[in-house]
Every structure is written in structure tokens, then in C-alpha cells.
Number of protein chains: 2
Amino acid sequence: MKKRKKRSAHLQSLLFLFVKKLAILYILKPTRTQFAGGLPLTHALSIFALGGVYEIGKNMYGIQYEDDIILIDCGSKFPDESLLGVDLIIPDVTYLLENQDKVRGLLVTHGHEDHIGGIPYLLKQIDMPIYGTQLTLGLIGAKLKEHGLLQKSKLTPIDSKATIRFGSLHVSFFQTNHSIPDCLGIVCETPEGTVVHTGDFKFDLSPVNNQTPDIHRMAEIGQKGVLVLLSESTNAERPGFTPSERLVGDHLLEAFRKAEKKIFVSTFASNVYRLQQVVDAAEATNRKLTLLGRSMVNVVKIASEQGYLRIPEGMLMESEEAAELDSDELVILCTGSQGEPMAALSRLSTSNYRHIKVQPGDTVILSATPIPGNERNVSRIVDNLFILGAKVIYGSGSVTGMHVSGHGSQEELKLMLTLMKPQYFIPIHGEYRMLYQHRLLAEAIGIDPNHILLLNIGDVVDIHNSKVKQERKIPAGNTLVDGLGIGDVGTMILRDRKHLSEDGIMVVVVTRSKADGKILTGPDLISRGFVYAPESEELIEEATRIATAALLRLQEENVNQWNRLKQGMREAVGQFLYERTKKRPMILPIIMEV
Amino acid sequence: MKKRKKRSAHLQSLLFLFVKKLAILYILKPTRTQFAGGLPLTHALSIFALGGVYEIGKNMYGIQYEDDIILIDCGSKFPDESLLGVDLIIPDVTYLLENQDKVRGLLVTHGHEDHIGGIPYLLKQIDMPIYGTQLTLGLIGAKLKEHGLLQKSKLTPIDSKATIRFGSLHVSFFQTNHSIPDCLGIVCETPEGTVVHTGDFKFDLSPVNNQTPDIHRMAEIGQKGVLVLLSESTNAERPGFTPSERLVGDHLLEAFRKAEKKIFVSTFASNVYRLQQVVDAAEATNRKLTLLGRSMVNVVKIASEQGYLRIPEGMLMESEEAAELDSDELVILCTGSQGEPMAALSRLSTSNYRHIKVQPGDTVILSATPIPGNERNVSRIVDNLFILGAKVIYGSGSVTGMHVSGHGSQEELKLMLTLMKPQYFIPIHGEYRMLYQHRLLAEAIGIDPNHILLLNIGDVVDIHNSKVKQERKIPAGNTLVDGLGIGDVGTMILRDRKHLSEDGIMVVVVTRSKADGKILTGPDLISRGFVYAPESEELIEEATRIATAALLRLQEENVNQWNRLKQGMREAVGQFLYERTKKRPMILPIIMEV
């Protein structure tokens, strides 16, 4: 018996060496399960992203084991300047629609827009229970209410100690720390092994609300064995360790002590820690507080009610009352730190509030670093605030001390990787270059380069009998929200909008006789966004002659198909206008027959 | 005689004290001229900006003494995203048109777009001689040739030793250093005192081409007495001293030595020093050179012909030939470092060149820091280059060492102020916050805060009998270039373009009988950029019914004015579409009567 055991151990180690060699060739590595003496598993574990990789925004990940799918987050992102008129981008959920019966639920790591913004649109298409911490559900609830979906939604509050079984998937959580309270990492035990999803995190070891990242639990998870780690990559390009949120509090207090008149602080409404530190600094300097901006009012309401934000009795005032105070008695917390043209800070910079105005000697603190793409808008606001006579504290948070990131830098990403010791690593939550840099970090801590998988949206990682493959694709993409339309903004419409936005439109309308094709009235030329007609009478007159000539010529050639007549007018008018203006307005010919 | 002199000196010093006091109150300070015993001057010196202050771009400054106006620079700037379809912004030169007979000439400090881009448009309106160094005129010439203006232009080459008399104004120059060779500062002696304009500058004390800033001459100018200094403010927010261009050369060479395959370097075509350092690094590593991008080819041609750029015999190749080389034998210099969608680097990132492609293992160096507003485009390109397998060196030049600014930082701005010791200081060339920071620097070196004047475009500083006033305004603003149209893009057109770009257009056209108002055909509804009709037949059908009903109802009410009929259809259709789609397309009703 003893001998057999020894022999079997010897065979096993031989096999191990063989398999280890294979692993390098076939991206295959033995898991603990396989060598625990059990039967090889016959069902596949699949991991996929419907959003959040090769992009910043609209995070949505899926873990499937046989007939059980759980989803992690369902975010939105804002369109770039090429998607004219589009309101929002959400993940394409075709795959989920095709597998509705398998979807067990949506787990939400935290309450930021890039993790919850797509939920109302998802629920309109597929009903499913949603799990999140109290604050996260509070923010989701506000969103569902706007869409009239709150009543029929199944929101289940959890905390970091919860465990949930979804068929073959057993889910637990661990507490992390980020720029919003109550953030979760997710542990999903599957028959094939354990999958961990970090959510967004930093390692703030002196956090404002004592929600310290639960490193002991992370170590325990890693010790038990992690098959696949999905970890966020936002700051993978940034060396070092992200400073603690508490540092911002020190700088705020210093600025509050120096300020002689009103103090405006603009920051992300969802950063409840930051709001708390503004409240604390206001308390320490005997100032009252008022709020500007809809999302600021919303978040303060939800976070106060739920106990995440402590505001001393009597400190918070309506702006009408607050306007009556002496200027050195007031702090204004406002939205718009990213330069959003309709938000409070932008409106303040153009004196666009009735009760509260920025006046000479006031202090304006931008407690945020501009997100790439927003610099120009933020700068314009800073200029206007200076012109109003304010002392403006602006620029990168690392210089002013007025902002720290909510995402871990390179050393923190390495710490997470080290704690979890995953067999396979999938960097998520980032543009390609961030995922790429995160891969380099993983390699630096000794993870086998062949075990690091970079997914695009729709790519599926299949793990079956401990064999890992990345070959399959499921439908994925950008679903555009445009007014009430979801996904109906085609390439054609966007191309037309682009064309219209640059050169405008020229409508050429003509009425002719159904009987003999004789022109009865017109062509009339009407333009919008091209040249303002009263200033360009001559141009329009000449273009009208050109359109008429083109139409008559074609009629003389006995051309009678509408399409060819329209085409003829379009070309003649288009060419003339280009020669005269070097602009190419959209030409829209309309023929009416009576 | 002696006594009289003494007494007069006593009176003078009393007067001095009195006037000094006044100075604080009235922003007035005695000049040397006044106390040199001469008669008080009766004619005014005026200084104004037509562009370049409260903005970055379209620099244009004017100095006028009585009937003599000289202009300094005439730049352009690019429109922001709100100016849809606009190609370029140039200064409004109404004031110069009104005073054509007084304009003596245009002095150009250097050949960057924000200093020369408006020249062709200026010359189309007002003829004047242009003065600049050889390279500056080479770049202006290329521009004038494109506009068919080169033959009739009066371009006079000068160097830093030149002196020119324009009626009462005596102009000389001093050599400065910037990110393009042959930069000039301008000294304009007037009967009221000396005005100095720095142009763009840094103090690169170990420049690449030995064009060291002429500090001795600057000291001499300051020693003789400067009434007003206009100094550039681009980097007034940046502490310290801008590093020497030479540092970039060291980093380039290091990267070239490490590179195993092709090397792409993307930078500003006009930075001839940078181009030279790329050539030098290519020579040191035995690589050939090819160029991608029209402006790169242009500048290399002009700069080589004029001797500013030295390229070893046989190094420069056409891209077709270069494609035949081994990958470790080639360097590609290309445009597009700011992420411009049509420039070489962007096209390379999407494999859009026939002969030259970015391949795995190639090195791509972004030798430029993204200008605020361009980050998003640059990042997209970096991502695509990584996906192609390139090693990309990107990010802020201060981190990668691959870029240094061409503008002096705070210590250099203070050095210029110290050398020039001006009585009055006007910070120029910058957004308001930069001018504001520059003011603080001037205060820090001891310039009287009341002698620092912040101008907006159109503001005039008048100096008369040593009294300084900033009260007058002349016409100034943004002239928009849109195709061949200059200045004819009105607010209405831009508003229409914005509307069209977001929600598209719905044309509602109907033909009715002139005799009895009976609807003969239509209403037909045609949309562009709103919803793609084939997918929305039902919506269009219903909207057609709504339009018809609105028209019939108005006709029944005996409404017959076209305006009211159109208004009725517009409102009915608009409201219906908003309710159904939450979009507000532009509704364009057209009534044809036959």
C-alpha cells in the first residue's frame, strides 16, 4: 500500500513535469482539482467581457458554468465626438438575450456610472435580480426610478460578508477601497476553480471612513487558490502607490483656513469621502454648506440618509438662505469639476446662478484632475473664474494636493496580483495600452506570460478540464442610446449628422406636371447650416438657375426616372456650390408631381 | 546759473515725489524722456492686440505712433468643437482696413502657424510689406504660394542685426531661441519710449544649432531703458526652467540604440532642431531616413535648402525604396504627433500606408507632449500602435525625455523681465490664467502692480506725454474661415449646424393649389440624420398624418399665410416626434403652390 502510494506519487511527478512542459506550449496548466484524485471535469467554465476592455467605460463581465450565467456590473460610457447626437453607449447584450433562461443575476461592484449606467436599459430587455451594497443599490434605485422601473426591480442588498449560490456558482465577496464607499471584489467558486473579479480598487490604508481594504481576506482567497483573476487596469501606466484620500483633507483644511471669502469646492458627486472631507473642513472653519448641481444634491441626500455622510445639524442650507450669509461663513459644494458645460461650475463661471455668484476674493477649488479629453473645457472655466476675480486652485491633483485617484497604481496592482497568486490573469477595465502595461506588471511578479490573457469585448475564455482556450467569440459591441431609441442609430445616420454639422444642407424642391413633366414651380432652394440666405442671395439665385438648367437638360434627353433627375440636380448644384464656396453641403433634391 | 540748476533739481525732485504718488493712483509714471528737459510730447503711442491674448493662437499685435502702424505677427488658430465646420480662425482686421494708409508693414517673429497662419487672408484684404528671417519667409512663402499670392507679395528677408525705419518708428531685433530656428524679438523705438516684443522664447543655453539667445543684446536694450515690454506667457504656469532641446537628442539616441526593427518618430514638422536630432541619431546608428506627411516633406525641403537642416548625402529615401530595406536600417519621420486624424501617425496606426507599415517589434516614439484637448486622439493612436505590436514610447515629454517645450518656464520669464527692466509690462500670448500667472511673476521681481496691464483683444494702451491709459477699444474678434468664405459664418448658421449634428432634419414638403389652397400632393416627409427611414416607416407614416391634419385644420380656420401654415406643421410634427423619440430634429416645412 505504502509502495503503491509512493509509485503513484512518482508517476504523478513525472506527469506533472510533462504537463508543465505542455503548459508552455498549449497554454495549459494543471489545476489543483485535476490532481486531487477526482474525475476530469466535463463541463466548461467561460469568462467573457461585454464591455470594459479596450475602452474605459461600460464595464460588463460574465462568468458562465454550463447553464448558469452571472453578470458583473453593467455600465455606460459617454460617446466621443464622432457619435454626434448620441446620448450614451451601453453594452450590446445580444448574447444574454439569446441565453435569458441561464442568466441568474447581476452583481454590482460599486455605484459609479461606468458600472451601473447601463442597468435601466438592461432591465428593459431582460429581467434579473440585482445584488449590491446599500449605497450601490441606492444609486441604482435613483436611476431605475427615473426610468419608471424601480417598482418591478428585484434589488437585493448584500455586504462583504454575504454568500450567494447561483446553481453551480458560489459567490462571496471581499471589501475593497475606491473613490466611493462600499466597494466589493467578487469571488466566484466554480467546479473548474475559483474566479476573482477585483472591481475598482486602491489600497488606501488610512481611508476616510475606516473601510480598509480587507487584505486578510484577500490573502485567504489567494491561499485557497485562484484559477483566474480579473483585475482592473485604470492606473497600470502610473508608477508607485496612489496617495491616501486623507491627504486631500489636509490640503482642503489648509485652503479653507486661508480663504477670506466664499469657498467653492467642485468635485465628483459620487466621491462621498471627498464630500465628507469638505464637510469636515467646513465644520473646522465654522462655515455653512450649500449644494449646487442636481447629482450633488442627489448623492448627498442618499449618502446622508444611509449614514455614509455625516453632516452636522444645521450646516446644510438652501442656496437662497445661504446667499444671506457673510461671505466668510459659506462653502459651496458643486458639480462640474470635469468642465461639463451644463454643470454647476461652468454656470458659476459665467455668473449663471441667481443666488450664488463667484465674486472677487472668493476661493474656487477644483478637487479633481481633468479626465483626458476634458482639459480644454476645464481650462475655459478656470480662465473665466480668474476673470471674475477668484483665487482658483486648479491643475493636476498631484500638484495641488486637492485630488487623489481612486484607482491603485502599479505597486498596488502588483500587490493584488501577489495576494491572489492566480494561475491565469485577465487584465480588465482599461484601454488596450493599460491592459498591456498591466500584463507587464503581472510578468514582473512572475506570472507565466502564456497565462496572461488579453480579451477584447466578445472574446470568450473557455476552461474545460483545466484546458484554457481563447478561441470563441460572442456578439458584443456598442449599443447607442439616442433619445428613446436604443441601438437604432446607424452608420448612415451618424454619417449624415457629420456631413450636416460641417457643411449644412441645401434642399432643392421642384413641382412638375404628372402629365407632361413640365416644371410647375421651383426649383426652390432652401439652406440650413450652409450659408445664411439673406447674405447670399446672389449665390442662391445662381444655384437655382443651375438646378433648373440641369433639370431641363435631362428632360430634353427624355430622362424621366426620379432618381436620375434628382441625381442630375444634386451633381450640378453640388459642383457649383463647391466651386464657389469650397463647401459641400448635403444636397437634398425633392420632386413633387401633381 | 549754478543756483538755478540746483533749484530746478529741487523742484524736479518735489515734482517727482508728487508724480510718483499720482502714479499709484492713476497708473502713471514719469518716463526718462519727460525729465530729460525736452518738451512734453503731444502725440500718442498706442499698443494693441488683435489676437493672442485671452487665447492661445492667432497672435497679432500692433504698435502705432501717430500715422505709423507696424504689426507684429498674424497667426491663425483652430476652431474648438463648438464652431462646427469652421476651418480656421484669424484675427478681425477691421481696424487695419479703416487705417490702411497708416499700416507700414508686418514683422514676423517666427514661422509657427499661430504667428503666420493668418497672413494669406490679411494680404487678400490689405497689401503690406512683410519682414522676417529666411526660414520664416520660406514658410510664409509656401503658404502664399498655395493661395496664389506669392508673386505679388513683398517679402523682405532680415536677420537679427537688421534695423528698419517706419516713419517715426525705428525697429531693431534680438535673437531668441524657441522650437523653430531664426526667432526674433522686436525692439521698437518710438518718440514716447521703447517698446519690446519678445516673440516666443526660451533660454536654451546649449541649443542644437548654436543660435544661443542673445542675452548681451537683451541686457543692452534693458540698460538703455524699456518703456513697455510685451512678453509671452505660454508656460507662465510652469515652475522652473525648461530643459534644453539637447536632452531630447540624448534620449532619442538611447532609444535608437535599443531598437531592433524600424523606428518611427512623430513630431512637429516645424521643429527643425528635433528633426536634426533625429537625423543625427539615424546617422549614429547607420539608418536611412524616410518621411511621411505633407508638412514634414515641406519643412524638410525648405529647411534643407536653406541650410537649417543637415542631412547626410544618401540618407533620405522615398518610402517605396525605403520599404526594401531591412527593418533595422530605417527611421521614419512622420507628422501626426498631436493625434490629427488625417496625419501620418494616425494613418500608420490603422495600417493605412501602402509601403510603410507598423509591424511587431517596431519602435514608435511620440516626440511631443499632447496639447490640451488632443489627449484622447493621441491615446487612441497609441492603443492601436500597441495592438499592432509596436513598442510605443508615449506620454508627457517630461517623463519620457522625448520632448521639451519651446517656451520658457517661470524662471526664464523672470529672467526676461529682469533683463528688460520695463517701466510697463503687458503679458501676451496666453489664456487669461497664463497672463494672470505672468503678472504674479512680474510682481515677484518687483514691477509695480499698477504698471502691469492685462489686455484683451481690441483693448488699446495709449501712452501720451508719459501718461498711460487703458480706456479705448478698437474692433477685434474672431474671423471664421469656412471654405472660401471669410467671416461669413454667422451665429445662425453655427446654431443650425449644431442642431443638425445632434438631431438631424425632417423636411415636410407639400404642394397646394394656388387657386383654392387644396392640397395637391404631400405632405412628403424626408429625413436626414434623424432616423433611417426604412427602419422607421411607421413613425414617418404617422408623422405624415399629423402634418396633414395640422395643415387641414389651419386651412379650415382660413389661415392662409405661409408662415403660419409652416409654423403649424412644424409644431405638430415636432411635438409628435419628440414624444415618440425624445429627439428634436430640425423641422423644415416647405409649401409649393401651383
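Starting afresh in each chain, residues are numbered from 1 along the sequence in its written order. To read the labels, note that chains go from A and ligands from 1, taken in the order they are written. Owing to the predicted nature of the model, reporting of local features is limited to residues with pLDDT of at least 70; listing and counting of side-chain atom pairs is limited to 80 or more, with chain, interface and lining totals taken over all residues. Neither water nor hydrogens contribute to the side-chain values; these are computed over all heavy atoms in the structure.

The name given to chain A in an unreviewed UniProt entry is Ribonuclease J, with the source organism recorded as Brevibacillus fluminis. What UniProt records for chain A under Subunit (unreviewed entry) is the sentence "Homodimer, may be a subunit of the RNA degradosome." Per UniProt, chain A has the following entry under Subcellular location (unreviewed entry): "Cytoplasm". UniProt positions are given in the numbering used here, feature names are shortened, and annotations may be inferred rather than shown by experiment.

A. Geometry of the overall build of chain A. The helix count covers DSSP runs of H or I at least four residues long, the strand count covers runs of E at least two residues long, and both are numbered beginning at the N terminus. Along chain A, the regular secondary structure elements total 18 helices and 26 strands. Overall size of chain A, expressed as C-alpha extent along the three principal axes, is 105 × 70 × 45 Å. Any residue under 20% of the maximum accessible area for its type is buried, any over 50% is exposed, and the rest in between are partly exposed; the area is computed with a 1.4 Å probe on protein chains only. A buried classification covers 58% of the 594 residues belonging to chain A. Any pair of residues with heavy atoms lying within 4.5 Å of one another is described as a contacting pair. A separation of at least 24 residues holds for 72% of the contacts in chain A among residues at least 6 apart in sequence. Per-residue and other accessible areas were derived by the Shrake-Rupley procedure at a 1.4 Å probe size, with only the shown protein chains allowed to occlude residues. Of the roughly 25,700 Å² of accessible surface on chain A, a fraction of 52% belongs to carbon and sulfur atoms. The charged-residue count follows a simple rule in which Lys and Arg add positive charge and Asp and Glu add negative charge, with His and chain termini not counted at all. Taken as the charge location is NZ of Lys, CZ of Arg, CG of Asp or CD of Glu. Separation of charge centres in chain A, based on 66 positive and 69 negative side chains, amounts to 8 Å.

B. Representation of the domain arrangement of chain A within the structure. Domain ranges listed in this record stem from an automatic or a database domain assignment. Here chain A is partitioned into domain 1 (33-240 + 406-482), domain 2 (246-400) and domain 3 (490-593). Relative placement of domain 2 of chain A and domain 3 of chain A: their C-alpha centres are 53 Å apart.

C. Just the relation of the copies chain A and chain B, in detail. In screw terms, the move from chain A to chain B is a rotation of 180 degrees and a rise of 0.0 Å along the axis, fitting with an RMSD of 0.1 Å. What we have between these two chains is a two-fold relation. Among all residues of chain A, the one whose C-alpha sits closest to the rotation axis is A:Ser501, at a distance of 2.3 Å. A shared binding surface is used by both copies, with 100% of the interface residues of chain A retained as interface residues in chain B. Least-squares superposition aligns the copies on the C-alpha atoms of those residues with pLDDT at or above 70 in both.

D. Region of the structure containing the UniProt feature "binding site: Zn(2+)" (unreviewed entry) in chain A. All names here are of chain A. The sites that UniProt annotates as "binding site: Zn(2+)" (unreviewed entry) are His110, His112, Asp114, His115, His178, Asp200 and His429. In summary, the annotated positions, though distributed over 320 residues, converge in three dimensions, the widest C-alpha pair being only 14.1 Å. Within the secondary structure layout, histidine 110 lies in the loop between strand E5 (103-107) and helix H3 (113-116). Classification of histidine 110 by relative accessible area gives buried; the value is 0%. Look past the residues within four positions of histidine 110 in its chain and what remains in contact with it is Asp73, His115, Ile116, Thr136, His178, Ile180, Cys183 and Asp200. Here aspartate 200 is to be found in the loop between strand E11 (193-197) and helix H6 (215-224). Classification of aspartate 200 as buried rests on a relative accessible area of 2%. Setting aside residues up to four positions removed in sequence, aspartate 200 forms contacts with His110, Asp114, His115, Thr176, Asn177, His178, Cys183, Glu232, His407 and His429. A polar side-chain atom of aspartate 200 sits 3.1 Å from a polar atom in the side chain of histidine 115. Here a polar contact means two N or O atoms within 3.5 Å. Within protein one must be a hydrogen donor candidate and the other an acceptor candidate, and residues neighboring in sequence count only if both atoms are side-chain atoms.

E. Representation of the confidence of the model for chain A in the model. Residues and elements named next belong to chain A. Summary statistics for chain A give a mean pLDDT of 89 and a share of 92% for residues scoring 70 or more. Every residue carries a pLDDT, the predictor's confidence in it, which falls somewhere between 0 and 100. Low pLDDT (under 50) marks residues 1-6, which in the prediction has zero contacts with non-local residues, meaning those over four places away or in another chain. As a predicted assembly, this complex carries a pTM of 0.84 together with an ipTM value of 0.81.

F. Broad picture of the UniProt feature "active site" (unreviewed entry) in chain A. Residues and elements named next belong to chain A. Per the UniProt entry, the sites bearing "active site" (unreviewed entry) are Glu232 and His407 in this numbering. Annotated residues spanning 176 residues; largest pairwise C-alpha distance 8.5 Å, indicating a single compact cluster. Structurally, glutamate 232 is set in strand E12 (residues 226-232). Glutamate 232 sits in the buried class, given a relative accessible area of 0%. When neighbours within four sequence positions are excluded, glutamate 232 is seen to be in contact with Thr198, Gly199, Asp200, Phe201, His407, Gly408, Leu413, Ile428, His429 and His438. Here the side chain of glutamate 232 touches threonine 234 through a polar contact of 2.5 Å, side chain to side chain.

G. Here's a closer look at the sheet that holds strand E20 (residues 459-464) of chain A. Residues and elements named next belong to chain A. Should DSSP find at least two bridges between two strands, the strands are regarded as paired. Spatially, eight strands are ordered E7-E6-E5-E3-E2-E1-E20-E21 in an open sheet, and the strand pairing comes out mixed. Where the open sheet ends on each side, the last strands, each with one partner, are strand E7 (155-157) and strand E21 (467-473). With strand direction ignored, the average angle separating the axes of adjacent strands in the sheet is 20 degrees. Its contacts with the sheet put helix H5 (residues 134-146) on strand E6 (130-132) and E7, and the angle it makes with E7 is roughly 160 degrees. To get an axis, a line is fitted to the C-alpha atoms, and for a helix only the part in contact is used. The angle between two axes follows their N-to-C directions and goes from 0 to 180 degrees.

H. Structural view of the pattern of salt bridges. All names here are of chain A. Salt bridges are defined by distance alone: a side-chain nitrogen of Lys or Arg within 4 Å of a carboxyl oxygen of Asp or Glu. Inspection of every chain in the model, using the stated rule, returns 49 salt bridges over all chains. Ionic pairing is found between lysine 143 and glutamate 113, a salt bridge with its closest N-O pair at 2.9 Å. With lysine 143 in helix H5 and glutamate 113 in helix H3, this residue pair connects regions lying 30 residues apart in the sequence. Its relative accessible area of 40% is what places glutamate 113 among the partly exposed residues. A salt bridge links lysine 583 to aspartate 503, with the nearest nitrogen and oxygen atoms 3.0 Å apart. Within this pair, whereas lysine 583 is found in the loop between helix H18 (562-581) and strand E26 (586-593), its partner aspartate 503 is found in helix H16 (residues 491-503), the two being separated by 80 residues in sequence. A relative accessible area of 6% places lysine 583 in the buried class.

I. Expanded view of the state of the cysteines. When two cysteine sulfur atoms are found within 2.5 Å, that pair is recorded as a disulfide. Applying the stated criterion across every chain yields a total of zero disulfides over all chains. Considering cysteine sulfurs only, A:Cys183 is the nearest to A:Cys74, which forms no disulfide, with 17 Å between them.

J. Quick peek at the environment of B:Glu146. When you line up the elements, B:Glu146 lands in helix H5 (residues 134-146). Linking B:Glu146 and B:Pro120, residues 26 residues apart in sequence, is a C-alpha distance of 9.1 Å.

K. Quick look at the packing of aromatic side chains. Residue and element names in this part refer to chain B. For Phe, Tyr and Trp, rings pair up if their centres lie within 6.5 Å, where Trp contributes its six-membered ring, and each pair is then called stacked (planes under 30 degrees apart), edge-to-face (over 60) or tilted (otherwise). Taken as a whole, this structure holds 14 aromatic pairs over all chains when the rule is applied. Ring centres of tyrosine 54 and tyrosine 432 lie 5.1 Å apart, and the angle between their planes is 65 degrees; this geometry places the pair in the edge-to-face category. You can see tyrosine 54 sitting in the loop between strand E1 (44-51) and strand E2 (60-65) and its partner tyrosine 432 sitting in helix H15 (residues 432-444), a full 378 residues away along the chain. You can call tyrosine 54 partly exposed: its relative accessible area is 26%. The class for tyrosine 432 is buried, based on a relative accessible area of 10%. Summarising the aromatic geometry, the rings of tyrosine 131 and phenylalanine 166 are spaced 5.4 Å apart at their centres and angled 85 degrees between planes, so their arrangement reads as edge-to-face. A residue pair is termed long-range when its members are at least 10 positions apart, and tyrosine 131 in strand E6 (residues 130-132) and phenylalanine 166 in strand E8 (residues 163-166) qualify at 35 residues. Residue tyrosine 131 shares its accessibility class with phenylalanine 166, and that shared class is buried.

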